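Residue-level structure breakdown
Residues per chain are reported as follows:
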Amino acid sequence: MKPQEHLDHLIQIRSIMEKSTRFLSLSGLSGVFAGTYALAGAGLVYWYLHSPGFEHKYSQIMFPLSINGILVQYSFFLMVAGSVLILSIGTGLFFTRKKVLASGNKIWNSATKRMAINLAIPLVTGAIFCFQLIQLGLLGLIAPSLLIFYGLALINGSKYTFDDIRYLGICEIVLGILAFYLMGYGLYFWAFGFGILHIVYGIIVYRKYEA
């Protein structure tokens with residue numbers, strides 16, 4: 001067997017091993033849609049915070065509020081965040097399923113399970129942490145915390161999918177740290193991290209792996 005044939009076999013083996021250990025069916029379009037949903041959600045929250053008659057301006061939400069104020073605000077915030085999350089997950093599953101069926105692979109395999117577990121650990125931890133922030137009324141800390149825990153989740157799960165997700169995770173963490181020092185602008189950091197960065201990431205992944 002010639003050296004070139006040995007090299008070709010090694011490349012094929014490496015490709016097979018990579019496919020078996022990495023979930024490579026994520027769609028870049030799902031990132032674009034998720035970012036669009038996040039920007040729309042941020043726009044709704046901005047409108048709500050600056051609507052006539054709203055007594056707590058955005059620059060003040062870093063401080064503890066009254067119990068009634070917290071409940072009223074969070075009923076709207078949670079509705080918007082929940083809608084963005086559901087739409088993002090639903091769109092992601094739609095495009096991922098479409099891509100998986102086109103390639104003839106299975107959407108739920110060992111690589112998918114490992115990626116899901118590694119993503120879930122930081123995300124669940126962050127959700128518990130942010131829930132406690134809600135209990136304390138520390139609204140200004142939520143946006144930075146979400147960005148940081150989300151970034152940690154992306155980095156943790158990146159070893160089981162595209163390497164590009166690691167860079168997205170690093171950017172999310174950097175934004176979260178900056179947001180801690182500029183808490184009055186948390187909504188803008190949230191919109192940039194979950195909105196703009198997702199759109200940019202989605203376009204890059206789509207052009208790199210799908211176009």
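Computed from a predicted model, the values in this text were never measured in an experiment.

On a plain count of helices and strands, the protein comes out with seven helices and zero strands. Written out in order from the N terminus, the α and β elements of the protein read α-α-α-α-α-α-α. The buried share among the 211 residues of the protein stands at 41%. By sequence separation, contacts in the protein at least 24 residues apart represent 77% of the contacts at least 6 residues apart. When the accessible surface of the protein is totalled, it reaches about 12,500 Å², and 71% of it is carbon and sulfur.

A few words on the side chain of Thr91. Looking at where Thr91 falls in the secondary structure, it is placed in helix α3 (residues 67-103). You can call Thr91 buried: its relative accessible area is 13%. When sequence neighbours within four positions are dropped, the list of residues in contact with Thr91 reads Ser30, Phe33 and Tyr37.

Turning next to the pattern of salt bridges. Counting across every chain of the model gives one salt bridge. A salt bridge links Lys208 to Asp164, with the shortest nitrogen-to-oxygen separation between them at 3.4 Å. Taken together, the residues span a long stretch of sequence, with Lys208 in helix α7 (residues 186-210) and Asp164 in helix α6 (residues 164-181) at a distance of 44 residues.

A word on the nonpolar core. In summary, soluble globular proteins display a tendency toward joint burial of nonpolar side chains. Membership of the largest hydrophobic core comes to 27 residues, with the highest contact counts inside it found for Val45, Phe77, Trp190 and Phe194. Secondary structure elements with two or more residues in this core: α2 (28-49), α3, α5 (142-157), α6 and α7. When residues in this core are grouped by element, the largest group, eight residues, is from α7. Leaving out residues up to four positions away in the same chain, Val45 has contacts with Phe76, Phe77, Val80 and Leu187.

A word on the confidence of the model for the protein. Confidence in the prediction of the protein, expressed as mean pLDDT, is 75, and 71% of residues score 70 or more. Across the protein, α6 holds the top mean pLDDT of 91, while helix α1 (residues 3-21) sits lowest at 48. Counting contacts from residues 13-21, a segment whose pLDDT is below 50, to residues more than four positions away or on other chains yields eight contacts. Predicted confidence for residues 56-72 stays below pLDDT 50, and this span has 32 contacts to residues more than four positions away or in other chains.

Our focus in this paragraph is the packing of aromatic side chains. Within the structure shown, the criterion is met by six aromatic pairs. Arranged with centres 6.2 Å apart and planes meeting at 45 degrees, the rings of Phe33 and Tyr37 form a pair that is tilted. Of the two residues, Phe33 and Tyr37 are both situated in helix α2; the distance of four residues between them amounts to about one turn of the helix. Classification of Phe33 as partly exposed rests on a relative accessible area of 34%.

This part takes up α6. Under the 1.5 Å per step criterion, the end-to-end length of α6 is 27 Å for 18 residues, consistent within 8% with the ideal 26 Å. Listing the buried residues of α6 in full gives Asp164, Ile165, Leu168, Gly169, Glu172, Ile173, Leu175, Gly176 and Ala179. Packing partners of the buried residues in α6 comprise α5 and α7.

The next thing to look at is the environment of Val45. Inspection of the secondary structure assignment puts Val45 in helix α2. With a relative accessible area of 12%, Val45 lands in the buried category. Spatially, the C-alpha atoms of Val45 and Leu187 are 8.3 Å apart, while their sequence positions differ by 142 residues.

Below, the discussion takes up a nonpolar patch on the surface. Taken together, the side chains of Tyr46, Ile177, Phe180, Tyr181, Leu182, Tyr185 and Tyr188 present a nonpolar region at the surface, about 770 Å² in accessible area. Residue contributions to the nonpolar patch peak at three residues, all from α6. Structurally, the position occupied by Tyr46 is in helix α2.

Rules and cut-offs
- Residues numbered from 1 in each chain as written.
- Predicted model: local features only at pLDDT ≥ 70, side-chain atom pairs only at ≥ 80, totals over all residues.
- Heavy atoms only, no water.
- Helix = DSSP H or I, 4+ residues; strand = E, 2+ residues; numbered from the N terminus.
- Buried < 20%, exposed > 50% of the residue type's maximum accessible area, 1.4 Å probe, protein only.
- Contact = heavy atoms within 4.5 Å.
- Areas by Shrake-Rupley, 256 points an atom, 1.4 Å probe, with all protein chains shown as cover.
- Salt bridge = Lys/Arg side-chain N within 4 Å of Asp/Glu carboxyl O.
- Core = buried A, V, L, I, M, F, W, Y, C linked by side-chain atoms within 4.5 Å.
- pLDDT = per-residue confidence, 0-100.
- Phe/Tyr/Trp six-rings, centres within 6.5 Å; stacked < 30°, edge-to-face > 60°.
- Expected span 1.5 Å × (residues − 1).
- Patch = residues over 30% accessible without salt bridge, like charges linked within 9 Å, V, L, I, M, F, W, Y side chains within 5 Å.

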